[in-house]
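Examination of the molecular architecture
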Amino acid sequence: MAIQNVMVIGAGQMGSGIAQVCAQAGFNVKLNDMKKEAYERGIAGITKNLSRNVEKGRMTEEEKTEALNRITSSLDLQDAHDVDLVIEAAVENMEVKHSIFKTLDEVAPKHAILATNTSSLPITEIAAATNRPAQVIGMHFMNPVPVMKLVEIIRGLATTDEVYKAVEDMTVKLSKTPVEVEDFPGFVANRILMPMINEAIFTLQEGVASKEDIDEVMKLGMNHPMGPLQLADFIGLDTCLYIMEILHDGFGDSKYRPSPLLRKYVKAGWLGKKTGRGFYEYS
């Protein structure tokens, strides 16, 4: 199953990062977003990243130009009519994903693989919106995509070995490391990471230590590059809460209960770096 033409849905931070690494690896990429302004922001970010790579000697100006030329804009899902693979990186909402995958199933060629970059939603449930569940799979990239090497590849209940192998081979071509994961809430990365972040928030809520000291313990004591509270700010506290709720609902286990302090910050609109304030303030 050869993959050469790719559509990435969503030109935000994740989608534009996925489009960038696909274009750098020689794939033809359609970067899709409903809003032209979002596409323009995405392509500006890609251009900035590639220019930085040229400045640091990681690629030539010619290679940068070739990568950018492989990316074309798309404002309509109908543009999926001639692709081999779609990677959806839209908002983390099951209704939205069902709508997108239903349309893709109608538009994309019969051989096309439909992948989702969801960080926690069930692949099997997303696949149920299509008539090709055997060709639906999860490709969970890490943020920032151009830097992070891991891709969790998640099989749905019906995903075939052939589809898995095609996606695994492509992941290697992207200079990433694929890890096979079964379809459970949070997969591996977020099932381990989010409860750690949630526990750090509980620790702050209970007054065990200051936010700075909690982060310092994890950086110096556990050799983490970033403390859990700062990391939560970078991920987005609304995203952290959403994933904890999926874990709590999916497993029905109280150990996944989101911290009340996390809920309070989200209700206050203190979502982290993207809003200028979370556990820390950002100017």
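Residues numbered from 1 in each chain as written. Predicted model: local features only at pLDDT ≥ 70, side-chain atom pairs only at ≥ 80, totals over all residues. Heavy atoms only, no water.

Per an unreviewed UniProt entry, the protein goes by the name 3-hydroxybutyryl-CoA dehydrogenase and belongs to Planococcus salinus.

**A short note on helix α4 (residues 94-107)**
The terminal C-alpha atoms of α4, which comprises 14 residues, lie 20 Å apart, in line with the 20 Å expected from a rise of 1.5 Å per residue. For α4, the set of buried residues is M94, K97, I100, F101, L104, D105 and V107. Buried residues of α4, viewed axially, fall in a sector of 165°; they line one side. In α4, the exposed residues that point more than 90 degrees away from the buried face are E95, K102 and E106. Structurally, α4 contributes buried residues whose contacts are with β1 (5-9), β4 (85-88), β5 (113-116), α5 (123-127), β6 (136-141) and α10 (237-251). N-capping of α4 is provided by N93, with a side-chain oxygen placed 2.9 Å from the backbone N of E95. (Helix = DSSP H or I, 4+ residues; strand = E, 2+ residues; numbered from the N terminus. Expected span 1.5 Å × (residues − 1). Buried < 20%, exposed > 50% of the residue type's maximum accessible area, 1.4 Å probe, protein only. Arc of directions from axis to C-beta. Contact = heavy atoms within 4.5 Å. Polar contact = N/O pair within 3.5 Å; in protein donor to acceptor, adjacent residues only side chain to side chain.)

**Looking at the nonpolar core**
By size, the foremost hydrophobic cluster in this structure holds 38 residues, and its most contacted members are L85, I87 and F141. The leading source of residues in this core is helix α1 (residues 13-24), at 6 residues. In contact with I87, other than residues within four places in its own chain, are V6, M7, V8, I9, I18, C22, A115, M139 and F141. Formed by 23 residues, the second largest nonpolar core is a distinct cluster that contains I9, V83, M94 and I126. (Core = buried A, V, L, I, M, F, W, Y, C linked by side-chain atoms within 4.5 Å.)

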